[in-house]
Amino acid sequence: MSIQSLASRSLAASDGKQLHRQVPPHRWSVTRKDLKHLRTLVEKFVAKGWILPTALHKFEISDGIIGPCIHAVNEQLIQPITAKAGGMSWALMLHPDGLPCDLFVTHCWQEGIYEFIDKVRNSWPRRARHAYCCMLSNPQNLDIGNLISSPSASPFARALRASTYMLVVPNRQCSIYSRAWCAYEAFLAYSDSKIIFTASAPVLHLRREISYIVMTIACVLVIAVVVAAQFEVDDLGRLAGIHYHYAPFGGLVATLAIFAQTSSAVIKHSPVTRAIAYTSAVFSAAYLGVAGFIAAVMGARNGLFGNYTSRSVIDAFGGVCLCIGAATLEVDRLWCIRAQQEASQLLTGYTGRLRDAKSSKDEDKETILRELVTSGKENEVDSAIQVLLDSGVSTPSLRTAVAHAGKLKAAGYWSLSMVLVSWFGWAWAPLYGIADMAERHWHFVEMGYCRSANLAFVCIDPGQTSMCASLTNYCRSPLEGPAVPLCLLNLLGGLAWLFSFIALGRDKRGFAAAALIRIVGIGSLPVLCPLLLLFPLEFSSKIVGIGVLAFAFTPVTLILSIMGPGWASRVPLIGPLIVKLLMLRISFECQRPDEAVLPTAEVPPARAVGDQGCKSRDEEQGG
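These figures come from a predicted structure and were not determined experimentally.

Definitions and cut-offs
- Residues numbered from 1 in each chain as written.
- Predicted model: local features only at pLDDT ≥ 70, side-chain atom pairs only at ≥ 80, totals over all residues.
- Heavy atoms only, no water.
- Pairing = 2+ DSSP bridges.
- Helix = DSSP H or I, 4+ residues; strand = E, 2+ residues; numbered from the N terminus.
- Axes fitted to C-alpha atoms, helices over the stretch in contact; angles between N-to-C directions.
- Parallel < 35°, antiparallel > 145°, perpendicular 65-115°, else oblique.
- Nonpolar A, V, L, I, M, F, W, Y, C, P; charged D, E, K, R; others polar.
- Expected span 1.5 Å × (residues − 1).
- Buried < 20%, exposed > 50% of the residue type's maximum accessible area, 1.4 Å probe, protein only.
- Core = buried A, V, L, I, M, F, W, Y, C linked by side-chain atoms within 4.5 Å.
- Contact = heavy atoms within 4.5 Å.
- Right-handed = clockwise from strand over helix to strand, strands pointing away.
- Salt bridge = Lys/Arg side-chain N within 4 Å of Asp/Glu carboxyl O.

With that settled, consider the sheet that holds strand E2 (residues 103-106). Read across the sheet, six strands follow the order E1-E3-E2-E4-E5-E6 without closing on themselves; strand pairing throughout is mixed. Edge strands, defined here as strands with exactly one partner in the open sheet, are strand E1 (30-31) and strand E6 (393-394). Sheet topology places E1 next to strand E3 (residues 130-133); two bridges connect them, and they run antiparallel. Along E3, the bridge assignment pairs Thr-31 with His-130.

Moving on: the packing of helix H14 (residues 309-347) against helix H18 (residues 416-446). Each pair of packed helices can be described by the angle between their axes along with the distance between the axes. It is at 9 Å that the axes of H14 and H18 come closest, and there the two elements cross at 175 degrees. Comparing their axes, H18 and H14 come out roughly antiparallel. Taken together, the residues of the contact of H14 with H18 break down into 16 nonpolar, six polar and six charged.

Attention shifts here to helix H21 (residues 483-503). For H21, built from 21 residues, the straight-helix expectation of 30 Å at 1.5 Å per residue is met to within 8% by its first-to-last C-alpha distance of 31 Å. Along H21, the residues that are buried comprise Ala-483, Val-484, Leu-486, Cys-487, Asn-490, Leu-491, Gly-493, Gly-494, Trp-497, Ser-500 and Phe-501.

Right, let's get into the nonpolar core. Judged by nonpolar contacts, the single largest core of 97 residues is most densely connected at Val-42, Leu-77, Trp-90, Ile-113, Phe-116 and Tyr-177. Of the residues forming this core, the biggest block, 10 residues, is contributed by helix H10 (residues 180-191). Aside from chain neighbours lying at most four places away, what touches Leu-77 is Leu-38, Leu-41, Val-42, Phe-45, Ile-51, Ala-72 and Trp-90. Within the second largest apolar cluster, 17 residues are counted, among which are Cys-321, Met-418, Leu-504 and Leu-558.

In this structure, Trp-109 takes a positive phi of about 65 degrees despite not being glycine. Structurally, Trp-109 is set in the loop between E2 and helix H6 (113-123). One non-glycine residue with positive phi stands out, namely Ser-193, at about 55 degrees. Within the secondary structure, Ser-193 sits in the loop between H10 and strand E5 (195-198).

Its location among the elements puts His-26 in the loop between helix H2 (16-22) and E1. A sequence separation of 134 residues divides His-26 from Leu-160, and the C-alpha atoms of the two residues are 7.5 Å apart. Those residues in contact with His-26 that sit more than four places away from it in its chain are Leu-99, Pro-100, Cys-101, Arg-158, Ala-159 and Ala-162.

Alternating positions in E3 separate into two faces, His-130 and Tyr-132 on one and Ala-131 and Cys-133 on the other, with burial throughout. Here E2 runs beside E3; their pairing, made up of three bridges, is parallel. Looking at E3, one finds that Phe-104 is bridged to Tyr-132. After leaving E2, the chain enters H6 and then returns to the sheet as E3, a path that is right-handed.

Counted according to the given criterion, the structure contains 12 salt bridges. Ionic pairing is found between Arg-274 and Glu-330, a salt bridge with its closest N-O pair at 3.7 Å. Here Glu-330 lies in helix H14 and Arg-274 lies in helix H13 (residues 271-302), a separation of 56 residues in the sequence. Classification of Arg-274 as partly exposed rests on a relative accessible area of 28%.

Below, the structure written as structure tokens:
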């Protein structure tokens, strides 16, 4: 896109100043797509030598991750183009009528432009449409100092009040809360009960790392299928000759895969967790290979039902779930490293008190501190920022939970692999139960076990009491007993939780994930493990466990997930305890910087932005 085409979108050159008088600050916004176009334009300018490093604003031209310092982009791209267009801001140059702001981006001009854009785009809230960002929203060619002479009446203060979310963009140079204007924005966001969360960069090499695990799964899967193909599958879906050896072995393999995925979430992220992820991938693929082969053979013979075919298909589905869980272990590891780095960046230079924030203009800091002290909310704002540092997100709901239950570490983060494994187990158990009972009923009827003479003979013999119980259970329709309705109730509960989880905000999503993992995930173990390890046992014998899941764990998990940490912590007597137990960090997962040594392999020092000459500009134009 050329300078001329950008400038042609705006009004005449003499209308820039007037445009900012006509359009209120809360409409000086850009879209997510605008940021993408800006990144492309900067790349073009750098490639053509139109944006160059300077003595104060150094950067590596070949760097495609951090990019030129925002100061350099402002001086060599934004100011020249907007001056030619009429002197208005970049936002109003693109959208002369303005766009309503629902996302406020706070940063302190010390990040590279690529880093900044990638973090904002990657963390853009689903419900947000337009964002106020000072470098693009404020008119860089006009008198910015005059615009922000009164903090409470400044354009960014008015835009922040109109927004729903505030996105905090960390950088590698200092905590943004060591700067006075960013501290003031935190004060405004807290005062107006905004949703505050940390911007996260896209994970480097995520697809590559996942592809390695996927290739491992594929190789083991092929080997498992080849080995299974050496045995004949009988009419009941068993590997002929080794069924009584394979059944407990297959269950053991599946259990080991689950154990590997669980243990990866409760030990410190390191090369060990990576090894565990690959171990889980091997066990999961081996289980899927054999179960998938049996399901394919049975399906070719019988269709989807008959001779335990549907149960074999559900077994194969369980193998697929385990493989997905194994692959997402690596996603969790990389996400955790990224979260540690960003939390560390927010802490660099931050003393824990907003009044210690610095500004190159003493009068700005004095004005801001005066308003902060007069409000009487100084300590509350410090606490709100601490919630953000501890949890990765600061919302009214989460701040309420912290007030009742105490500090909640990493409440805004959750383990994707553990959520998937727990939810898949929630869905798999009732599906397997329904298939098992339906197939046994079909098999018993087809084999003639349910004829009255057979029933009478078996049930009269004192030595056949267990067989009599089996015949009595499976000769009647599965719909006549309580097991199938209970399984359906569990399945519907799992689907309801999934849809509610997708719709929840970030703070409630972390709490809902904790409820799923600790209530359903752990509560399902007494039901799932016997099914896996003692494969031949009848599912109907687990009716008590299924009933507990249906009438206790499922509704409690749903209710707590929908309530969120804020409302749950307000429940008299037990509320704070429930929140604390659910959010208790029993693992080293995604430790905060004060608890762990942060890995630095993902961010080479050579890619740091410029030098100390690329100083903060918060004293000039706010965030």
